[in-house]
Structure formats: C-alpha cells, structure tokens
Amino acid sequence: MIYSEKVMEHFANPRNVGELPDANGIGEVGNAKCGDIMKMYLKIEDGIVKDVKFKTFGCGAAVATSSMATELIKGKPVEEALKLTNKAVIEALDGLPAAKLHCSVLAEQAIKAAMADYYTRQGIDPTPFVGSFSKECDACGLN
Amino acid sequence: MNSTEKRFVYADNAATTRVSEAALNAALPYFRESYGNASSIYSLGMNAARAVVSSRAKVAEAIGAKSGEIYFTSGGSESDNWAIKCVAESGAAVGKKHIITTNFEHHAVLHTCQYLEKKGFRVTYLPVDSMGLISPEQVKNAICEDTCLVTVMFANNEIGTILPIPEIGKICREKKVLFHTDAVQAVGNVPIDVSKMNIDLLSLSGHKLHAPKGIGALYIRSGIKISNLIHGGAQERTKRAGTENVPSIVALGVAISDAVKSIEEKQRSVSEKRDRLISELLKISETRLNGDPEKRLCGNVNISFRGIEGESLLLSLDLEGIAASSGSACTSGSLDPSHVLLAIGLPHETAHGSLRLSINEETSDEDIDYIIDTVPRVVKKLRSMSPLWERICRDEKIADR
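Conventions adopted
Residues numbered from 1 in each chain as written. Chains lettered and ligands numbered in written order. Predicted model: local features only at pLDDT ≥ 70, side-chain atom pairs only at ≥ 80, totals over all residues. Heavy atoms only, no water. Helix = DSSP H or I, 4+ residues; strand = E, 2+ residues; numbered from the N terminus. Rg over C-alpha atoms; globule rule 2.2 N^0.38 Å. Buried < 20%, exposed > 50% of the residue type's maximum accessible area, 1.4 Å probe, protein only. Contact = heavy atoms within 4.5 Å. Areas by Shrake-Rupley, 256 points an atom, 1.4 Å probe, with all protein chains shown as cover. Lys, Arg positive; Asp, Glu negative; His and termini not counted. Charge placed at Lys NZ, Arg CZ, Asp CG, Glu CD. Buried area = accessible area lost by both parts, 1.4 Å probe. Salt bridge = Lys/Arg side-chain N within 4 Å of Asp/Glu carboxyl O. Polar contact = N/O pair within 3.5 Å; in protein donor to acceptor, adjacent residues only side chain to side chain. pLDDT = per-residue confidence, 0-100. Phe/Tyr/Trp six-rings, centres within 6.5 Å; stacked < 30°, edge-to-face > 60°. Lys NZ or Arg CZ within 6 Å of the ring centre and 35° of its normal. Axes fitted to C-alpha atoms, helices over the stretch in contact; angles between N-to-C directions. Parallel < 35°, antiparallel > 145°, perpendicular 65-115°, else oblique. Nonpolar A, V, L, I, M, F, W, Y, C, P; charged D, E, K, R; others polar. Pairing = 2+ DSSP bridges. Expected span 1.5 Å × (residues − 1).

### Let's talk about the overall build of chain A
Across its full length, chain A holds six helices and three strands. When its helices and strands are written in sequence order, chain A yields α-β-β-β-α-α-α-α-α. Relative to its length of 143 residues, chain A is compact, with a C-alpha radius of gyration of 14 Å against a globular reference of 15 Å. Principal axes of the C-alpha set define a box for chain A whose edges measure 45 × 30 × 25 Å. Counting across all 143 residues of chain A, residues that qualify as buried make up 56%. Nonlocal contacts in chain A, meaning residues at least 24 apart in sequence, comprise 62% of its contacts between residues at least 6 apart. Accessible surface, chain A: about 6000 Å² in total, of which carbon and sulfur atoms supply 51%. On chain A, the mean spot of the 16 positive side-chain charges and the mean spot of the 19 negative ones are 2 Å from each other.

Here you go:
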C-alpha cells in the first residue's frame, strides 16, 4: 500500500489538531471497535466557519483526511462547508488507497455531525441543511 | 548519542531480515559463473547440482534431519500448503478427514485449513489461552479415530509465544497421527531437533534467517509418503517440480548454518535487549505485553497501547526512523484487527493499538535506547489527538500523562 506524498505530509503535520473551548458545534463519528473515531469542533460566527479543530483516533488516512477536511472548510460560509464531499477530500490529498476510501467518508460525516450539532444548539432542525448521515463507519458495518 | 539525533532502526525482523554478507557472497557465483541448470549433465550443471546437495545437508543438519528428508520450496507458505493439503489427501484416501490446529496459526496454515473444510474435511481449531499457549492435553483430547494431521506452529509470528512442540510431538507419535509444525519463526531462534521432538513435517523459510526471500524448505520424515503439490519435472527427487533456485538454495544453506551455530549466545544477548525494551515500554500508562513473558522468542516484543491506532503509530515511528509492525486492522489488510490478538482475548480497540518490535543480533544497545526514547514520545503525541484516549481518561478517571 502506498500513500501519496500529500497524505504523508498531512499525517506528519496535521493542520488544526486539538479542541476548541468555545466551539458551538461538535460532532463525533466512527467507533473504537473498527479503529476510527473522528471528532470535529466548529466555531461558527455570522454564517462563517471561523475556526475548526479535530481529534482523530485512527490510521494515517484517517488523520490526513481529517486534517485536509478542516483546511477545506476553514473560513468558508456554512453553506459551502456543508457541500464538502469525501471526493473533494480525496482529490485534495492526491488520492487514497482503495482500502482507505472509507476514511474520507468518515471525515465528511464528522463535519456533518458537527454542523448538525450547531443547528440543534441554535434550536433549528438540522435535517433540511445537513440531510441524513450516518455516525458509523459504513465500511465496517459495525454498530 | 544525542537523544534528538535521528537514526534508522530496523525492528521488523519477524517480517523479514537483511540477507547476510556470507549468504549473499555464497550465492553470487551461481548467478553468472556457475549458472547452469542443476538438472543438466555437463559440468556447469553439475556444479550447480553439487551446491544444492551441499546446501541440503546444511539445512538437514540445522534441524537434526537427514539430507534425504529436506525438500526445497519457495518458502514457508508453500511448505505449509504442501504439508497440510497433501497429508490431508493421503488421509482422505483411507477415510481420515479430520485435522487439528490452533486458532492463531499463520494464515498460510489457517486459510489452507479453511480451504480443506470447504472440501469436506473437519478441522478443530484449538483455542489458545491468554498467553498464546495450548496444552498437550488439548491436542490429546481432540484426536479422533479419523484424525490425519495435527499442525501447530512452533512459535507465533506476532506475539512470539513458543508452543510445547516436543510434548505435542510425543502425543501425536503415540497416537500415530502425523504432526506438522510451521517453524518459520522458530528456526534459528530456538534449538530444533526434529527426531527428538517427534516432528513429522516442518516448514521453514529463508528470509526470516538472513537468506533471500522466495526460498524455504519442507522437512518430511523419511517413510512418510505424501503426494506432490507442484507437478512437473523430476527436481527434488521427483517431489517438487521446478528448476532449482540455486543461488537462493546456496544462500539458505549458509544462512541456516550460521543461524543455528550461535543460537544459545543469540538467545542470551537478544533476550536481554528484548527484556529491557519490554520493561521500559511497559512504563507507559495503559499498556500491556502480549504473549508469554517467558516462553517467548528472544527477539519479540508485542505491546498494546490503549487509545491509539497501530497504523498511525507505525507511520509516526517511521518518521522517526523506526521500522516496526502492528496488528491493527489497517495493517492486517482487513477490517478486523489481527486474529492472533483476538485469539488471546484482546478487545478490538486494544488490538488496534498494538506494536510488534522484532529485534535480532544486529540490533545494538543504542538502537534499543533510541526505541525507548522515541516510542513514549510518539504514543503521547498520538494520545493527545485521540478522542478515544480522551474518553478512556474521562470514563476511567486516568490521569493523562
């Protein structure tokens, strides 16, 4: 298995690692049994993702996709951040090995979970904005 | 050594080893000088054939066998497949379709047994205990009227546990059941005498003991008739077709002789380094040693760190110049973590965070120092970004150190 240089670079120097004490949207997806958990912290102000941080338990691809996903949404309007797909994360990382594609899905889900939490905290039903998404790793099918 | 200085430490000798200079030098003339086909009648061929004969004697001597009992193969997996499938075939011919093995064998054995199950064989997978051991009584109790083969690994490749092979061999001989052992990890690390240990078939591999990849051997005790796995020409006394890989066969002979020559000295010096590594790494909190602390290969260290995942641990160690291995799902090539770690009772999440370091006589004290210095740092960094570790600390009231 070979990781792209971009993946290794993001793994070695992950962007936006940590927690946000003043986050107003937090989402966690995946589970320990299948070996991947991603937690996203969002600080949303005036409809803009002002800040974002993540913590990830998982493989190299899980760390790199989390890192890249945070970079892709930081500073972006909420509507745009919600459009982030796992494909965009994969492209930005110059590809992922086939066995690791599910990690990029998890990154997309983590952002959606954090966004849903943000809307819920505002007293708004997140479904029209975020749509439906799973909090589990689809590749493993574990619950 | 300055502790911040980066070095390269190869700690994955259970995966493969570096070819020794002696083995390489012995093999080289058989590429461009004595490159003849060992089956040819002219001197160029006969030179190659002589080299094969001499190497066969060396391999035999290393495990207490006779030359006529050694067959060269492409490696451990082929040897395992040959032994198990062809003994099973002989067994089936006389109505014996039961095989006994363990639940933590190498996949070359496990997947072969599963294949035979699909072909109508019954397989008993003896469960190992939390140390990775089975008792000889478990084998004794599992033997039935129709058991044709017992196959139990000599030493486990992941956790290093050494199994009670002589005791199992004795039982099999008494019960007149053939006994095969996958000794790929044991040869060169544990003294082996196939006749004293009552072993009927034994698989070994070259690249685990400083010979090249792609060469191995199967020992078949004289008098045991098993069919061929690879059909074709009359090589290996008509038992294994295919033009002999002469350079690698020569290298295997040299490497295996060297490996068994200094086995006691190696066991002493390497296990001392191993134990220092284990005791230092176990100082990291929420960490456990996998495998038996005593009945253990001299170079094997296998430790689980809670809250982190194995692949990211390996990639982080690689960035620091340390090459190691893990039993996490991501490195096992499947979605489940290592079947060995699950077999000894580890929960999935602990198995994901395992690290195997396999050292050998080439590993220096400075290398050990470097590992001891680096691993805690890397574990700390990964834990600091792990939501699982955060949860473990919160739920179990562990002070994050």
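### Overview of the interface of chain B and chain A
Taken together, the contact pairs 21 residues of chain B with 28 residues of chain A. The contact between chain B and chain A buries some 2000 Å² in all, and 67% of this surface belongs to carbon and sulfur atoms. Linking chain B to chain A there are four salt bridges. Residue arginine 391 of chain B is joined to glutamate 28 of chain A by a salt bridge in which the shortest nitrogen-to-oxygen separation is 2.5 Å. The interface formed by chain B and chain A contains eleven residue pairs in polar contact (both at pLDDT 80 or more). Sorting the residues of the side of chain B that touches chain A by element identifies helix H10 (310-319), helix H13 (348-352), helix H14 (365-384) and helix H15 (387-395) of chain B as the ones contributing at least two each. When residues of the side of chain B that touches chain A are assigned to their parent elements, the largest contribution, five residues, is made by H10 of chain B.

### Considerations on the confidence of the model for chain B
For chain B, the average pLDDT comes to 96, and 97% of its residues sit at 70 or higher. This complex was scored by the predictor with a pTM of 0.94 and an ipTM of 0.93.

### A few points about the packing of aromatic side chains
Applying the stated criterion across every chain, the model contains three aromatic pairs over all chains. The interplanar angle of 10° and the centroid separation of 4.4 Å between the aromatic rings of tyrosine 119 of chain A and phenylalanine 129 of chain A together place this pair among those described as stacked. Of this pair, tyrosine 119 of chain A sits in helix H5 (residues 101-121) while phenylalanine 129 of chain A sits in helix H6 (residues 127-130), placing them ten residues apart in sequence. For phenylalanine 129 of chain A, a relative accessible area of 43% translates into the label partly exposed. Site record: aromatic cluster; members linked through ring pairs are Tyr118, Tyr119 and Phe129 of chain A. Sitting above the plane of the tyrosine 115 of chain B ring, lysine 85 of chain B keeps its charged end 5.1 Å from the centroid. Against the face of tyrosine 71 of chain B rests arginine 237 of chain B, its NZ or CZ located 4.2 Å from the ring centre.

### Focus on the packing of helix H1 (residues 5-12) of chain A against helix H2 (residues 60-73) of chain A
Residue and element names in this part refer to chain A. In contact at an axis separation of 8 Å, H1 and H2 are set at 85° when each is read in the N-to-C sense. With respect to their mutual orientation, H1 and H2 come out roughly perpendicular. Of the residues in H2, those in contact with Val7, His10 and Phe11 of H1 are Gly60, Val63, Ala64, Ser67, Met68 and Glu71. Residues belonging to the contact of H1 with H2 are distributed by class as follows: five nonpolar, three polar and one charged.

### Topic: the sheet that holds strand E4 (residues 122-126) of chain B
Residue and element names in this part refer to chain B. Spatially, seven strands are ordered E2-E8-E7-E6-E5-E3-E4 in an open sheet, and the strand pairing comes out mixed. Two strands bound the open sheet, and with one partner strand each, they are strand E2 (70-73) and E4. On average, each strand axis in the sheet is inclined to that of its neighbour by 20°, with strand direction left out of account.

### Some points on the side chain of arginine 306 of chain B
Residues and elements named next belong to chain B. Of note, arginine 306 is situated in the loop between strand E10 (300-305) and H10. When its relative accessible area of 19% is taken as the criterion, arginine 306 is described as buried. At a separation of 2.7 Å, a polar atom in the side chain of arginine 306 contacts the side chain of glutamate 396. Residues in contact with arginine 306, not counting those within four places in the same chain, are Glu286, Glu349, Arg383, Trp389, Ile392 and Glu396.

### What about the pairing of strand E2 (residues 36-45) of chain A?
Residues and elements named next belong to chain A. With nine of ten residues buried, E2 lies mostly within the body of the structure. Bridge analysis of strand E1 (residues 25-31) against E2 gives seven bridges, and the strand direction is antiparallel. By the bridge assignment for E2, glutamate 28 is matched with lysine 39. Pairing of E2 with strand E3 (residues 48-57), which is carried by nine bridges, proceeds in the antiparallel orientation. Looking at the pairing, methionine 40 lines up with phenylalanine 54 of E3. Between the end of E2 and the start of E3, which pair antiparallel, lie two residues, with aspartate 46 showing a positive phi angle near 50°.

### Some words on unusual backbone geometry
Most peptide bonds take the trans form, and the phi angle of most residues other than glycine is negative. Residue and element names in this part refer to chain A. The phi dihedral of aspartate 46 is positive, around 50°, even though this residue is not glycine. Within the element layout of this structure, aspartate 46 appears in the loop between E2 and E3. Owing to a relative accessible area of 76%, aspartate 46 belongs among the exposed residues under this scheme. The phi torsion at aspartate 94 lies on the positive side, around 60°, for a residue other than glycine. Relative to the assigned elements, aspartate 94 resides in the loop between helix H4 (86-92) and H5.

### Quick notes on H2 of chain A
Residue and element names in this part refer to chain A. The terminal C-alpha atoms of H2 lie 20 Å apart, and with 14 residues this matches the ideal 20 Å at 1.5 Å per residue to within 8%. Along H2, twelve of the 14 residues are buried, which leaves the element largely enclosed by surrounding structure. Looking only at H2, the buried set comprises Gly60, Ala61, Ala62, Val63, Ala64, Thr65, Ser66, Ser67, Met68, Ala69, Thr70 and Ile73. The positive-phi residue at the C-terminal boundary of H2 is glycine 75, with phi of around 85°.

### Side note on the environment of glutamate 9 of chain A
Residue and element names in this part refer to chain A. Tracing the backbone shows glutamate 9 in helix H1. A relative accessible area of 32% means that glutamate 9 is categorised as partly exposed. Between the C-alpha atom of glutamate 9 and that of serine 104, which follows or precedes it by 95 residues, the distance is 16 Å.

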